[in-house]
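Architecture and fold: a report
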Amino acid sequence: MNENQRELITATIPILRAHGLTLTTHFYNRMFLHHPDLKNTFNMGNQKSGKQQNALAMAVLAYAENIANPGVLLPELKRIGHKHVSLDIRPEHYPIVGNHLIASIKEVLGEAASQEILEAWEIAYNQLAELMIGIEADCYKSQTKKIGGWTGWRPFEVKEKVKESDEITSFYLYPSDGGKVVKHLPGQFISLKVFLPELGLNQARQYSISSAPNEQYYRISVKKEVNLQLNVNGMISNFLHDQIQVGDPVYLTAPVGDFTLNPKKGTPITFISGGVGLTPLISMLQTLLPNQSSQVYWLHACRNQTVHAFKKDVYKIAETYPNMQQHIFYDALTEKDKKDGVIQGPLDLNKIDPIPKKSQYYICGPAGFIAQQYKILIDKGVAVSDISYEEFGPQSLNLN
């Protein structure tokens, strides 16, 4: 890409800021019209909610803003690459996306999209596609090198269903071929694919692995949705709760994700979760404590004790390891909760003393919950590099 082409890309930034969502919405509609089979690959729940269109609009804008030095986007591109690998996105998908994206730019921008601008964006997209394909190829290669590794969709069997709370049930998933599975990094997720009869489509959703790493199985812990207007994500979760029984098959891709446990020797670690956001942190906690001498803090918030998943497990861990301290927040307290030391919610770091400034923080929960905890930590002087967070679904937070 030459300097003139970079300037043309930069000149489209104001348009992308003003009309990026219109562009990406048009793009997805156009692509699905010409390739309806891709509805089996993309999350149609995120399409219906607009999350995916918004995430793509933000990504396209970020790429345009950094066209002179796209390397600064590498951490975010790697995160996207992990999501792509979890959905078995392959190099042959990129030309399809590129053709419809360039056509959408022309159709949405109209006369403002000169031939030179379209050519510049085509070059820019091809460079980005080449970069993404390389990132994903490295990830696929890494997966196949590991013991129990694989790429694509592998058949698994549900061996156990365990109710963890009134809302959350755990599913123990073993490979149907009887082989080993990759030892995941604590915090990683898998994609699970099922056929939804209501849509007539295969649909996939990412679930954090809630078990400690092992070579036999994965455990996912899924929240049942009670909203009458379910999106597709809720439909998949409820399908697992209501339809999937012990012995039934499901399909998984290998574990991926960069929200992973990376403890620094001698540094305390603080886990902060809201609701079902505790699932990746449980895997981290189970892995960390047998090898951690520094202080570990477990902070969790949920509505009440009936929806508090893994309560007994975490209490048992806290009793076993004296260097662990937990603080639980409920929206509504009973007298027993008060005697047990549960704090009136929502989760408030200012109600806990002491929480060390020098700690590694791992946060998981709804986007608003993450943003709130992040702001409090920054205001307390915690370094950005010491805060890691995982947002379920397409990325909408850009805190780091």
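As shown above, the structure is provided for reference.
In terms of nonpolar packing, the biggest core is built from 62 residues, with W121, L173, L192, I220, L240, V250 and L252 touching the most fellow members. Sorting elements by how many residues they give to this core places helix α7 (residues 115-145) first, with 10 residues. Among residues more than four places away in sequence, those in contact with L252 are W150, G152, W153, R154, F156, L173, I190, S191, L192 and Y218. The next biggest cluster of nonpolar side chains, apart from the first, holds 27 residues, and it includes F259, I269, V314 and M324.

As a general point, the strands of a sheet are linked pairwise by backbone hydrogen bonds and lie either parallel or antiparallel. Strand order in the open sheet formed by six strands is β10-β9-β8-β7-β11-β12, with parallel pairing between adjacent strands. Since the sheet does not close on itself, it has two edges, and those belong to β10 (343-344) and β12 (387-390), each with one partner. Where strand β8 (residues 296-302) meets strand β9 (residues 324-330), seven bridges bridge the pair, whose relative direction is parallel. Each residue of the ladder has a partner; that of H300, found in β9, is I328. In this fold helix α10 (residues 311-320) packs onto β8 and β9, with an angle of close to 150° to the strand it touches most, β9. Sheet strands touched by helix α12 (residues 367-379): β7 (269-274), β11 (360-364) and β12. Its angle to β11, the strand with the most contacts, is close to 160°.

Applying the stated criterion across every chain, the model contains 14 salt bridges. Across the pair E76 and R79 runs a salt bridge whose closest N-O atoms are separated by 2.5 Å. Separated by three residues within a single helix, E76 and R79 lie in helix α5 (residues 74-86), roughly one turn from each other. With a closest N to O distance of 2.8 Å, R90 and D88 form a salt bridge. Note on D88: relative accessible area 18%, which makes it buried. Shared partners join several salt bridges into a network, and the residues in it are E76, R79 and D258.

The rules we used
Every chain begins its residue count from 1, and numbering advances along the sequence as written. Thresholds applied to this predicted model are a pLDDT of at least 70 for local features of residues and 80 or more for the giving and counting of side-chain atom pairs; totals over whole chains, interfaces and linings are not thresholded and use all residues. Where side-chain values are given, they derive from all heavy atoms of the structure, hydrogens and water being excluded. Here, nonpolar core means buried Ala, Val, Leu, Ile, Met, Phe, Trp, Tyr and Cys residues that are tied together by side-chain atoms lying within 4.5 Å of each other. The buried label applies to any residue whose accessible area, calculated with a 1.4 Å probe on protein chains only, is under 20% of its type's maximum; exposed applies above 50%, and partly exposed to all values in between. Going along the chain from the N terminus, every DSSP run of H or I of four or more residues is numbered as a helix, and every run of E of two or more is numbered as a strand. The contact rule is simple, with two residues in contact once any of their heavy atoms fall within 4.5 Å. Only strands that DSSP links by at least two bridges are regarded as paired with each other. A fitted line through C-alpha atoms serves as each axis, taken over the contacting stretch for helices, and the angle formed by two N-to-C directions is quoted from 0 to 180°. Between Lys or Arg on one side and Asp or Glu on the other, a salt bridge is scored when a side-chain nitrogen of the former is within 4 Å of a carboxyl oxygen of the latter.

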